Amino acid sequence: MEVGAEGFARCLPRLRRRILRAAFVALDTEFTGLHSTSLQNNEPSLFDSPSERYVKARQSVQRFTLVQLGLAIFSKENSNKYVVHSYNFFLFPSTLGIRDVEFTLSASSIQFLSHYGFDYNKFLKDGIPYMNEVQEKILRQHLLAGTWKVCSTSNADKDVLKKAIDEVTSWIAAAKEEDTMILQDLNGYHVLEVQLVLRQALENVWTEPLGDKKVMVKKVSPEHRQLLENSSYDHCQKKLILLSARGFTNLFQILVKAKKPLVGHNMLMDLMHLHDKFYRPLPESYEEFKRNIHNLFPVIIDTKTVIKSVQKKCLFPRVSSLLEAYTVLCSSNLNPKGPRCPVIALASGCSRYAEKKSPHEAGYDAFLCGSVLLMSAHLLLCRSADDAMEADPSFSQYLTVLAEHVNKVNFIRGGVSSINFSGEDAPCRHPPALIVHVRGWPGLTERQIYQEFKSRQFDVRRLSENQFILLSNRYKHVKLVLRDYRHHPHLQVSVYRHWRHSPGVNCLLQISGIVALWSLLAFALGGTSSC
C-alpha cells in the first residue's frame, strides 16, 4: 500500500492499531545518497573503528534525506500464520515554520532508484512531511508568537498560492457576509498552506477543508472570525497545524511507544536516518547515539547478522542480497524433519508483492526482512531443539533462539563484525594485515597503492614514507598477494608484525637501545676510573 501526504492522516489511526497488535515490525528506507564523495576520506574502510565509521556516516546522513520508508507489520493470527500489512511511505521534509531544509542528491543513487522504478513525482509532490524534535520546538515557538511561515519556494508552490489568493480577492470584493466559494485541485500539503496564507492575508475570511482536494472559503466579519478561531472546530488550530507539519514523525512516535521488535537488513544507516530525521540531530558522540537508539528501540534485529549465523549452522548457500536469502529460504527444504515454517500471508491490500518482485522498493524490502527473519528463526529453533519441537512456536520462542543477535547490527567492512546497541562492540577476526615496502618508486601515494591492489579488495593506509599497510577480509586474497608479489621489483609485500613494523615500537626500541648504550658506556667509564 502506497501512502502519501494526502492520505496519511486518514491512515494513521489504522496504522496505530495494527502496530499495537503486531508481533514485530520490519523497516527499510531509501535515501537520496549513501556516502558523500565530496567529503575527503569518507568511504568505509576495514581500518575504521565503529566510532570512526559513525563520524563518516553522520556526515553523509546530514547531507542526504529519506525519499521512501517501508514498513511491514507482522501480526500472528490463529495457528502458525503471520499476516503482513506492508506500506510504502513517500517522505519529504516539512516546509512549514522552519528554516528551509537543504539536502544533496547523489547521481548514482538517483539512477539506481530510477532503474528500479522509483516514482520521484510522488516523492516531490505528495511526500509526507516530517521533522525532528529541534525543528518541532522552533515551529512551536513560531506558532505561539504568530510568526510562522510556509517555506514554499518552488514556482509550482508559488503558482498554487497565487492562484488561490487571486481567486479569493477577486471574489470577496463583491461577496456578502456568509457567502462562500470553493477552491479546488489542492494537492496534499497545499490544503493547509492555502488556508494559512489566506487567513494571514485577509481578516474577513474563514476557511475549512472539505476533503477531495477542496477548501471552502467564507466571508465573515472580523468579530465572527475571532469566535471561529477560538472554537474547537477550527482545522487550523495551532495544535492541528503542528500535527500536520510533524507528519510522519507522528507514526515514528507510535513505533517508539509501542516498543515492538524492529527488524531491518544492514540497518545502521536506517537507524541513523531515523534518529536524525524524526528524533534529534545525530549527536557527535557515537556512544550517545547507541544509547539513544537503544532507548527508542530496545529490541533490534538485523537479518544480515542472522543470515550469517544460519550459513554457519545450517547447509545454507552463500547469498549476496536480501532477495537471494528470501528466495533460498522459500525454495529450499533446509529442515526436512522439523515442523513446517509459519505461513506468511500478505494482507489483501498488499497482494502485489505476492505476484511480483519489487526489489529496492522500501515496502517490499521491509516485507522481505520480516519474512527472512521468521524463516531463519524457525530454522535455528528446529536445529537447537533437543526434543520434538511444537508445531506452532510462539514469536517469543523465536526471540529466544535469536538472543545472540538481538541489538547487534551488521558493520560493513570495518574493525568489528557488528555494532552492539546494548553493550560493548566485539572486534572481529580479519586475515593478517600485510605491509608493503616501496623501493625505487619515489613519490608513490596511498591512492596509487590502493589502485594497485584494488582488484583484490584491499584497503590501504600509509605507515611511513615508503611503507603501507593492506587489509582484506578474505584469506584467499592475502595468500594470492603474498604469492604474486614475491618477486616484484618495487613492492615487497610481507605479513605485518606489530612489534617489528610499528613506528611507535621501533621508536621505543631505538630509545631503549640508546639508553642501554649510554648505561653500558657509563658502566665502562665508571669501571675504568675506579681502576
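Residues numbered from 1 in each chain as written. Predicted model: local features only at pLDDT ≥ 70, side-chain atom pairs only at ≥ 80, totals over all residues. Heavy atoms only, no water.

- Under an unreviewed UniProt entry, the name given to the chain is Poly(A)-specific ribonuclease PNLDC1, and the source organism is Platysteira castanea.
- You can read under Sequence similarities (unreviewed entry) in the UniProt record for the chain the words "Belongs to the CAF1 family." (UniProt positions renumbered as here; feature names shortened; annotations may be inferred.)

## Observations regarding the packing of aromatic side chains
- Within the structure shown, the criterion is met by 25 aromatic pairs.
- On the basis of an interplanar angle of 85 degrees and a centroid distance of 6.2 Å, the ring pair of phenylalanine 8 and phenylalanine 89 is categorised as edge-to-face. A residue pair is termed long-range when its members are at least 10 positions apart, and phenylalanine 8 in helix H1 (residues 5–21) and phenylalanine 89 in strand S4 (residues 81–90) qualify at 81 residues.
- By relative accessible area, which is 5% here, phenylalanine 8 ends up buried.
- Geometrically, the ring pair formed by phenylalanine 252 and phenylalanine 297 is edge-to-face, given 6.0 Å between the ring centres and 80 degrees between the ring planes. Here the residue phenylalanine 252 occupies a position in helix H10 (residues 249–258), and phenylalanine 297 occupies one in the loop between helix H12 (286–296) and strand S9 (300–302), the gap between them amounting to 45 residues. In terms of burial, phenylalanine 252 and phenylalanine 297 fall into one category: buried.
- Through a chain of ring-to-ring contacts, the aromatic side chains of Phe8, Tyr87, Phe89, Tyr130, Phe248, Phe252, Phe278 and Phe297 assemble into a single cluster.
- A cation sits over an aromatic face here: arginine 53 above phenylalanine 411, 4.5 Å from the ring centre. (Phe/Tyr/Trp six-rings, centres within 6.5 Å; stacked < 30°, edge-to-face > 60°. Helix = DSSP H or I, 4+ residues; strand = E, 2+ residues; numbered from the N terminus. Buried < 20%, exposed > 50% of the residue type's maximum accessible area, 1.4 Å probe, protein only. Lys NZ or Arg CZ within 6 Å of the ring centre and 35° of its normal.)

## Brief notes about helix H2 (residues 50–63)
- With 14 residues, H2 ought to run about 20 Å at 1.5 Å a step, and its terminal C-alpha atoms sit 20 Å apart, in line with that.
- Every buried residue belonging to H2 is among Pro50, Arg53, Tyr54, Lys56, Ala57, Arg58, Ser60 and Val61, and all of these are buried.
- Looking at the packing, one finds that the buried side of H2 touches helix H11 (268–279) and H12. (Expected span 1.5 Å × (residues − 1). Contact = heavy atoms within 4.5 Å.)

## Topic: the pattern of salt bridges
- Summed over the entire model, instances satisfying the criterion amount to 18 salt bridges.
- The salt bridge partner of aspartate 276 is lysine 277, with a shortest N-O separation of 3.2 Å. For the pair formed by aspartate 276 and lysine 277, the shared burial category is buried.
- In this structure, lysine 290 engages aspartate 425 in a salt bridge whose closest nitrogen and oxygen atoms are separated by 3.2 Å. Placement of the pair is lysine 290 in helix H12 and aspartate 425 in the loop between strand S12 (418–420) and strand S13 (434–438), with a sequence separation of 135 residues.
- The exposure class of lysine 290 is buried, given its relative accessible area of 4%.
- Residues joined in a network through salt bridges with shared partners are Asp48, Arg53 and Lys56. (Salt bridge = Lys/Arg side-chain N within 4 Å of Asp/Glu carboxyl O.)

## As for the nonpolar core
- Counting 50 residues, the largest nonpolar core has Phe89, Phe248, Leu251 and Leu271 as its most contacted members.
- Among the elements of the structure, H1, strand S2 (24–31), H2, strand S3 (66–77), S4, H10, H11 and H12 are those that each provide at least two residues to this core.
- For leucine 271, the residues in contact, after removing those within four places along its chain, are Leu262, Phe289, Ile293, Ile300, Val409 and Phe421.
- The next biggest cluster of nonpolar side chains, apart from the first, holds 43 residues, and it includes Val306, Tyr326, Leu329 and Phe367. (Core = buried A, V, L, I, M, F, W, Y, C linked by side-chain atoms within 4.5 Å.)

## Details of unusual backbone geometry
- Phi is positive for glutamate 178, close to 80 degrees, though the residue is something other than glycine.
- Its location among the elements puts glutamate 178 in the loop between helix H6 (155–172) and strand S5 (180–183).
- Of note in this structure, glutamine 457 is not a glycine but carries a positive phi near 60 degrees.
- Inspection of the secondary structure assignment puts glutamine 457 in the loop between helix H18 (446–453) and strand S14 (459–464).

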